[in-house]
Amino acid sequence: MHFTHHTARVLVVDDDPTVAEVVAGYLGRAGFAVDRVADGPAALERAAAFPPDLVVLDLMLPGMDGLEVCRRLRAHGPVPVIMLTARGDEDDRILGLEVGADDYVTKPFSPRELVLRVTSVLRRAQARATVASSGPAAAPPLRAGGIALDPASRRATKDGVELALTLREFDLLAFLVRHPGRACGREELMREVWGWEFGDLSTVTVHVRRLRAKVEDDPARPRLIRTVWGVGYRFDTDGDTDRDTGGGTAGETGAGTAGETAGDTAGGAAGSGARDA
């Protein structure tokens, strides 16, 4: 699992020495160069001295928590971050995604799955860098429904107002805008946007919820990103609110609906059926 241009450097930040040792061991055997630190200030110092290609960051750190570490890391550049969170703590996951984390993995987790996530996030980051270095001609701007996306500069606007999107939110919105009017399944979105063949489908649900909060005039009654029950989501540009989606937003607000929740539960089970650490 080596990368073409250089051996990718991963910074592991976790105050649990057992978890840090296991994660570092698996990543090292997968061909990554691994640095380990146990707290936020040490992580920032190490990242400044030896810039990582990706950071695996525990949310619950002593003193400076993972959210603050993530904010400070991302303030200095778009380094990919995978957040480690407590199982089932959706508020923490949403906060991690909001401050710029590219992905999250819940504890306890399979180290092998984490290695796959690291590989996937790094490949997508490299693809983004390739697009940016190739110039606008290689990735033409996208426009639909008042949304304008420039893949080369990674800028997004709605009605001329710039949107503050995380890296993954941008990729998700770009995929939906490229396929207007087509129902996109969450499995498809996970595969095409995240690069995963398996995983927790609630990852998609959380990102859609956050994205709606940024692009919809009324996130509770979305006009652009609509829920297609039993399938996933569709990007619409006709301006009618939930005309034919069967309601549209219950699965993204509050506790969700049986259809949406069942899909998330199945995806979560598939993604965590073989946990070994």
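Here, the structure is the one placed above.
Parameters and conventions
- Residues numbered from 1 in each chain as written.
- Predicted model: local features only at pLDDT ≥ 70, side-chain atom pairs only at ≥ 80, totals over all residues.
- Heavy atoms only, no water.
- Pairing = 2+ DSSP bridges.
- Helix = DSSP H or I, 4+ residues; strand = E, 2+ residues; numbered from the N terminus.
- Contact = heavy atoms within 4.5 Å.
- Axes fitted to C-alpha atoms, helices over the stretch in contact; angles between N-to-C directions.
- Phe/Tyr/Trp six-rings, centres within 6.5 Å; stacked < 30°, edge-to-face > 60°.
- Lys NZ or Arg CZ within 6 Å of the ring centre and 35° of its normal.
- Parallel < 35°, antiparallel > 145°, perpendicular 65-115°, else oblique.
- Left-handed = near helix turned anticlockwise from the far one by under 90°.
- Nonpolar A, V, L, I, M, F, W, Y, C, P; charged D, E, K, R; others polar.
- Salt bridge = Lys/Arg side-chain N within 4 Å of Asp/Glu carboxyl O.
- Buried < 20%, exposed > 50% of the residue type's maximum accessible area, 1.4 Å probe, protein only.

> Describe the sheet that holds strand β8 (residues 155–158), and please don't skip the residues or the numbers.
On the basis of which strands lie adjacent, the open sheet formed by four strands has the order β6-β7-β8-β9 and antiparallel pairing. The two strands at the open ends of the sheet, each matched to only one other strand, are β6 (142–144) and β9 (161–162). Strand direction decides the pairing type here: β6 and strand β7 (residues 147–150), joined by three bridges, are antiparallel. Across the sheet, the residue bridging to Ala-144 is Ile-147, located in β7. Of the strands in this sheet, β6, β7 and β8 are in contact with helix α6 (residues 167–178), which crosses β7 at around 115°.

> Before we move on, can you summarise the packing of aromatic side chains with the specific residues and values?
Applying the stated criterion across every chain, the model contains zero aromatic pairs. Between the NZ or CZ atom of Arg-29 and the centre of the ring of Tyr-26, over which it lies, the distance is 4.9 Å.

> Go over the sheet that holds strand β2 (residues 33–37) with me, naming the residues and quoting the values.
If you trace the five strands from one edge of the open sheet to the other, you get β2-β1-β3-β4-β5, paired in parallel fashion. The sheet is open, and its two borders are formed by β2 and β5 (103–107), each paired with just one other strand. Recorded for the sheet is a direction-independent mean angle of 20° between the axes of neighbouring strands. As judged from the four bridges shared by strand β3 (residues 54–58) and strand β4 (residues 81–86), these two strands associate in the parallel manner. Counted as the bridge partner of Asp-58 is Leu-84 from β4.

> Hey, could you go over the packing of α6 against helix α7 (residues 186–194) for me, with residue numbers and the actual values?
Two numbers describe how α6 lies on α7: the axes approach to 10 Å, and their chain directions differ by 120°. When the axes of α6 and α7 are compared, the pair comes out oblique. Crossing of α6 against α7: the hand is right-handed. Residues Arg-168, Asp-171, Leu-172, Phe-175 and Leu-176 of α6 form the contact with α7, whose participating residues are Glu-188, Leu-189, Glu-192, Val-193 and Trp-194. A class-by-class count of the residues in the contact of α6 with α7 yields six nonpolar, no polar and four charged.

> Mind laying out the pattern of salt bridges, listing which residues take part and the relevant values?
Scanning the entire structure with this criterion turns up 17 salt bridges. In this structure, Lys-107 engages Asp-58 in a salt bridge whose closest nitrogen and oxygen atoms are separated by 3.1 Å. Of this pair, Lys-107 sits in strand β5 while Asp-58 is found in strand β3, placing the two residues 49 residues apart along the sequence. Lys-107 gets classed as partly exposed once you look at its relative accessible area, which sits at 23%. What makes Asp-58 buried here is its relative accessible area of 5%. The partner of Asp-103 in a salt bridge is Arg-117, and the shortest N-O contact between them spans 3.3 Å. A residue pair is termed long-range when its members are at least 10 positions apart, and Asp-103 in strand β5 and Arg-117 in helix α5 (residues 111–134) qualify at 14 residues. The same class applies to Asp-103 and to Arg-117, which are both buried.

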